[in-house]
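Structure assessment
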Amino acid sequence: MRMSYQRISVIGGGSWGIALASAAKRAGRDVILWTRSQQDADILDRKRESSRLPGATIDSDIAITADLTKAAQCDAMLLVVPAQALREVALSLAPVIAPDTPVLACAKGIERGTRKFMTEVIVETAPKAAPGILSGPSFASDVVRGLPTAVTLAARDEKTASALAHALGSATFRPYHSTDLRGVEIGGAAKNVLAIAAGIVSGRGLGASAAAALTTRGFAELTRFGRALGAKPETLTGLSGLGDLILTCSTPQSRNFSLGLALGQGLSPLEAIAKTSLAEGVYTAAVLNDMAREHNVDMPIVAAVADVVEGQASVDEAISRLLTRPFRAEG
Ligand SMILES: NC(=O)C1=CN([C@@H]2O[C@H](COP(=O)(O)OP(=O)(O)OC[C@H]3O[C@@H](n4cnc5c(N)ncnc54)[C@H](OP(=O)(O)O)[C@@H]3O)[C@@H](O)[C@H]2O)C=CC1
Ligand SMILES: O=C(CO)COP(=O)(O)O
């Protein structure tokens, strides 16, 4: 098994892909960044900046390509495309990556239709790869500027997870390693949905006390769901669970929070989606709600967000439903 991960490929030239490529470069790795269009690759290569990350410079030593076969020549790969596009990209990669190459999902979401988590999609589409996941409280704009961030990186075995954390880590980008794939991916997927609710609370002007209650009760939902699906408690209270929930529920720097803010201020779901760049919680809300029901897990905030973004309830109806739930023991 390869344990030296010098050549890192980053698949996806959006804001998180560029930020992770920059972090890997800062850690001393040889980095290739793949974008799906040749035109984008040429522009990024020439300008060394992206409108998605204003003010950030892409290191001149990061190779940029639109050639998947070239990008597949690596020791480890980061998949940094939206959750709903991960299957399509992994399918194209499967024939060109070497067996046992770690392929880390860096998207936060659950596939609609199949109800699969990101590492399950990798296992299905690229069965010879070694699946992993990287997730945690980390805005691309912070990571690309080299501000201190910490994330969780999980692989099936601890040696691989630890070696990958060493390969990608630096003083300002600190991956903590884990083998709890499921726990890490549940945190990243659920927190986006809960961040929409936090944004709604802010946009409706419900106050700081309501915001704290929402985040805490949201964490109770995330924990219940995680426990039902076999996540480790320490993962749920760690960076990729509680850590990312706190970050995304607290600032309009989060796209999910800011989409919620727009909904709370009275925009329709379609208007709010059009106004915000990729907010994964929109696509995860209904599938997470369905999975919660399937596993008999009570997730009233997630259900409320799903109804609002799918246009089945108004913001006021959803809030009223949450506030009139029966009183119960905490837990
Ligand atoms: N931004 C952030 O701060 C963070 C983001 N994430 C997660 O990373 C994932 C990606 O987000 P982010 O980079 O911000 O999103 P962006 O919208 O900035 O970028 C998405 C990238 O994926 C590409 N893409 C979209 N669909 C496909 C497809 N079918 N095939 C190939 N490439 C595709 C886009 O290409 P094109 O330009 O051609 O459309 C674009 O380069 C999300 O799941 C997000 O939750 C996680 C942590 C932090
Ligand atoms: O996942 C993120 C930070 O950890 C980014 O959050 P948003 O996608 O809501 O901007």
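What counts and how
- Residues numbered from 1 in each chain as written.
- Chains lettered and ligands numbered in written order.
- Predicted model: local features only at pLDDT ≥ 70, side-chain atom pairs only at ≥ 80, totals over all residues.
- Heavy atoms only, no water.
- UniProt positions renumbered as here; feature names shortened; annotations may be inferred.
- Salt bridge = Lys/Arg side-chain N within 4 Å of Asp/Glu carboxyl O.
- Helix = DSSP H or I, 4+ residues; strand = E, 2+ residues; numbered from the N terminus.
- Buried < 20%, exposed > 50% of the residue type's maximum accessible area, 1.4 Å probe, protein only.
- 1 Å grid on protein atoms, 1.4 Å probe; cavity = no way out; pocket = protein on both sides within 12 Å on 5 of 7 lines; lining within 4 Å.
- Contact = heavy atoms within 4.5 Å.
- Core = buried A, V, L, I, M, F, W, Y, C linked by side-chain atoms within 4.5 Å.

- In the nomenclature of an unreviewed UniProt entry, the protein chain corresponds to Glycerol-3-phosphate dehydrogenase [NAD(P)+] from the organism Pseudorhodoplanes sinuspersici.
- Among the UniProt annotations of the protein chain, the heading Sequence similarities (unreviewed entry) holds the following wording: "Belongs to the NAD-dependent glycerol-3-phosphate dehydrogenase family."
- Of the protein chain, the UniProt comment under Subcellular location (unreviewed entry) reads exactly: "Cytoplasm".

1. With respect to the pattern of salt bridges
- Inspection of the entire model under this criterion finds 17 salt bridges.
- A salt bridge links R7 to D75, with the nearest nitrogen and oxygen atoms 3.0 Å apart. Remark: D75 occurs in the loop between α3 (68-71) and β4 (76-79) and R7 occurs in strand β1 (residues 7-11); sequence separation between them is 68 residues.
- Its relative accessible area of 39% is what places R7 among the partly exposed residues.
- What makes D75 buried here is its relative accessible area of 8%.

2. Description of the UniProt feature "binding site: NAD(+)" (unreviewed entry) in the protein chain
- The UniProt feature table records "binding site: NAD(+)" (unreviewed entry) at G12, G13, G14, S15, W16, G17, A140 and R255. In the annotation above, G12, G13, G14, S15, W16, G17, A140 and R255 are the residues that line the largest pocket.
- Along the chain, W16 falls in helix α1 (residues 15-26).
- Ignoring anything within four residues of it in the chain, the contact list for G17 reads V10, G12, L33 and V80.

3. Concerning the nonpolar core
- In this structure, F225, L263 and L288 are the most contacted members of the largest nonpolar core, which totals 47 residues.
- Breaking this core down by element, the ones donating at least two residues are α8 (181-203), α9 (208-228), α12 (255-264), α14 (280-294), α15 (300-309) and α16 (315-323).
- Here this core takes 11 residues from α8, the largest share from any one element.
- The contact partners of L288, leaving out residues within four places of it in the chain, are I110, A190, V193, F225, M299 and V302.
- Counting residues in each nonpolar core, the second largest holds 38 residues, with I8, V31, A41 and I62 among its members.

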